[in-house]
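Understanding the architecture of this molecule
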Amino acid sequence: MCTTCGCGDSSLVPVDVHEKILAGNDRVATHNRQHFAAAGVLALNVMGSPGAGKTALLEATAKATGGRWRLGAVSGDLATDNDARRLEKAGIPSRAITTGQGCHLDAQLVHDALHAFAWKDLDVFFIENVGNLVCPAVYDLGQAANVVALSVTEGEDKPLKYPVMFKGADLVLLTKCDLLPHLDVDVEQILDGLRRVMPRPEVIQVSARTGQGMDAWVRWLEARRAGLPRGRGTAVHVHTHEHPHVHAHAHEHRHADGTVHSHPHGHEHAHGHLHAPGSEEDHGHGGADHAHATGSGHEHGH
Amino acid sequence: MHEYSLVQSLVGRVEALALERKATAVHRLVVSVGELAGLDPELFQTAYDTFRTGTICERTAMELRRVPARWACPGCGREIARGEILTCAACGLPAKLSAGADEILLETVEMEVP
C-alpha cells in the first residue's frame, strides 16, 4: 500500500532472499544423507564422462570385494537400463533411473528410487550418475563422497577443462590404466592438472580389466566406511537443529621425495547429531598406498 | 544443459515468495552466479528468457551478478593465481575458495504488493 498519500496504489518492495537457487534440492539431499547415515550405508556419487568406465569400475569392485560387502546401485541413464542390468549380472542389486533428457540426477530422483529398493541393509551404495562432466557436479544427492572416474583415454587436459567437477571430487579414479602402454598419454600431466583444480588432490590409478589399483580403492572404501556412524539401525532419526562446529586437525604427510606436507583439515560446517568422529573430515587416510596427486608412494605420519 | 532445471527452481521459488506476500507483480530479480558454480551465465539467461513465459516472471528482468573465483591460502592468506597449483607453496595448506564463488544465489526479488 502506498503510505505517502493513501491513494491505494501498490508499492514496490525489494525482498532480500540470499538463498541458493538449489535450496530445494539441497533439502532433499540432506534428508537422503540423514537416511544413509542412520542406516550406516556408505553412499557415493560416482561421476564421469560417458564411457569413462563407471559401470566397469563397479563391476570390478564387486569382484574385488568378493561378496564381503553388500553392494547396491542406482544408475542414471538417459534412455536405457543397460548399466543397471550389467551391475545386476555382476552381483550388485541395481535400479535404473531413466532421466529422459535429463543430464544429471537430482536428490529427488535418488530419493524416489530408494523407495523401490532395499538399500538399508547395504554396506556401500553407489549412485552412478549420468555420464557427464558438467551438470552432475551442481546437484547434491546426499552422498558421503564424490568419486570421479577419469579414463586415461580422455586427454590430459580434462581436469583443467572441467574444474567444477574435479573441484568437488573427494577421489579421482584414473581408469583404464592397463591401456597406458598403448597410448601417448602423459599421466604426470593429468596429475598436474588435478593439482590445479583440486585443493586436496587424491587419485588412485586403476584398471577394472586387470584389477590394478583395486586394492587401494577397496582400502579407500574401507576407510570411508570406518568413518560412518557405528551401530547400524540403532541410530534414530537425526536431530533437526544444527550447530556450528569447527574442526582443525593436521595430518602430516611425508612424501617419497622427502618433502613433508602438513594438511590441516580445517572444516567449518553445521551438521546434525549423527556425526561420528572422523566421518566427514576423514579423507580416507586409512589406506597405505593410495596416491595423492602430489606424488606416488608416500608414508602417512599422523 | 541443467540451466533449464535451474530456471525452473528459480521461478518456483519466486512464485512461492510472491504468493507469501500476495504480490501482484514481480519487477526484478537479482541472481549471483559464482565462477565455479558450474553454470554458464549466458545459457542461464537464455533459459530464463525461454522459460519465464506464462509464469509470474513473464515480465521480470533478471540481473546476473558474476562472482569471480579466488583461491587463497587459509594460513598465510597468500592469493593463489588462476591455474596455479592449489596448495600454498609456503605453508603446504590446501587453498580455500572465496565466498560465493561456487554458489548460485537468488539475492533479491523486487515485487509489487498491494
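See above for the structure.
These figures come from a predicted structure and were not determined experimentally.

With that out of the way, let us pick up the overall build of chain B. Scanning chain B for helices and strands turns up two helices and six strands. Ordered by position in the sequence, the α and β elements of chain B form the string α-β-α-β-β-β-β-β. C-alpha extents for chain B along the principal axes are approximately 60 × 30 × 15 Å. Relative to its full complement of 114 residues, chain B shows a buried share of 36%. The long-range fraction of contacts in chain B, counting pairs at least 24 apart against all pairs at least 6 apart in sequence, stands at 72%.

It is worth spelling out the pairing of strand β4 (residues 94-98) of chain A at this point. Residue and element names in this part refer to chain A. In this sheet, β4 lies alongside strand β3 (residues 71-77) in parallel orientation, the contact comprising five bridges. Considered in β4, the bridge of D77 is made with T98. Following the chain from β3 across helix α3 (residues 82-89) to the adjacent parallel β4, one finds a crossover that is right-handed.

Before going further, it helps to spend a moment on the sheet that holds strand β4 (residues 79-80) of chain B. Strands belonging to one sheet form pairs held by backbone hydrogen bonds; the direction of such a pair is parallel or antiparallel. All names here are of chain B. Ordered in space as β4-β3-β5, the three strands form an open sheet in which the pairing is antiparallel. Sheet topology places β4 and β5 (96-97) at the edges, where each strand pairs with a single neighbour. Two elements, strand β3 (residues 71-72) and β5, share two bridges in a ladder whose sense is antiparallel. The residue bridging W71 from the neighbouring strand is L97, located in β5.

Moving on, we come to the sheet that holds strand β2 (residues 61-67) of chain B. One open sheet holds the four strands; their spatial order is β1(A)-β6(B)-β1(B)-β2(B), and the pairing between them is mixed. The open sheet is flanked by β1 (11-20) of chain A together with β2 of chain B, the only strands paired with a single partner. Strand-to-strand twist across the sheet, computed as the mean angle between neighbouring axes with direction ignored, equals 15°. Where β1 of chain A lies against strand β6 (residues 104-113) of chain B, eight bridges are found, and the strand directions are antiparallel. Looking across to β6 of chain B, one finds that D16 of chain A is bridged to T108 of chain B. Packing against the sheet, helix α2 (residues 41-51) of chain B makes contact with β1 (25-34) and β2 of chain B, and its axis sits at approximately 165° to β2 of chain B.

Listed per partner, the contact involves 32 residues of chain B and 34 residues of chain A. If you list the elements that add at least two residues to the side of chain B that touches chain A, you get α1 (3-20) and β6 of chain B. Here the element with the most residues in the side of chain B that touches chain A is β6 of chain B; it accounts for ten residues. Its residues assigned to classes, the side of chain B that touches chain A comprises 18 nonpolar, eight polar and six charged.

Here we take up unusual backbone geometry. The backbone of K176 of chain A shows a phi angle near 65°, a positive value even though the residue is not glycine. Here K176 of chain A shows up in the loop between β7 (171-175) and α7 (187-197). A tally of 26 C-beta atoms within 10 Å means that K176 of chain A is categorised as buried. Within the chain, K22 of chain B stands out as a residue other than glycine whose phi angle is a positive 55°. Looking at where K22 of chain B falls in the secondary structure, it is placed in the loop between α1 and β1. Residue class for K22 of chain B comes out exposed when judged on the 10 C-beta atoms lying within 10 Å of it.

Ranked by internal contacts, the top residues of the largest apolar core, which has 102 residues, are L44, I127, V172 and L173 of chain A. In this structure I127 of chain A touches A43, L44, N45, V46, V74, L105, V110, L141 and Q143 of chain A, once residues within four positions along its chain are discounted.

Attention now goes to the packing of helix α2 (residues 54-65) of chain A against α3 of chain A. Residue and element names in this part refer to chain A. Viewed as axis vectors pointing N to C, α2 and α3 meet at an angle of 15°, and their least axial separation amounts to 9 Å. One way to sum up the angle between α2 and α3 is to call them roughly parallel. The crossing of α2 and α3 is right-handed. Every residue of α3 that contacts α2 at T55, L58 and E59 is listed here: D83, R86 and L87. For the contact of α2 with α3, the per-class residue count stands at two nonpolar, one polar and three charged.

Conventions we followed
Residues numbered from 1 in each chain as written. Chains lettered and ligands numbered in written order. Predicted model: local features only at pLDDT ≥ 70, side-chain atom pairs only at ≥ 80, totals over all residues. Helix = DSSP H or I, 4+ residues; strand = E, 2+ residues; numbered from the N terminus. Buried ≥ 20, exposed ≤ 12 C-beta atoms within 10 Å, placed from the backbone. Contact = placed C-beta atoms within 7 Å. Pairing = 2+ DSSP bridges. Right-handed = clockwise from strand over helix to strand, strands pointing away. Axes fitted to C-alpha atoms, helices over the stretch in contact; angles between N-to-C directions. Nonpolar A, V, L, I, M, F, W, Y, C, P; charged D, E, K, R; others polar. Core = buried A, V, L, I, M, F, W, Y, C linked by C-beta atoms within 7 Å. Parallel < 35°, antiparallel > 145°, perpendicular 65-115°, else oblique. Left-handed = near helix turned anticlockwise from the far one by under 90°.

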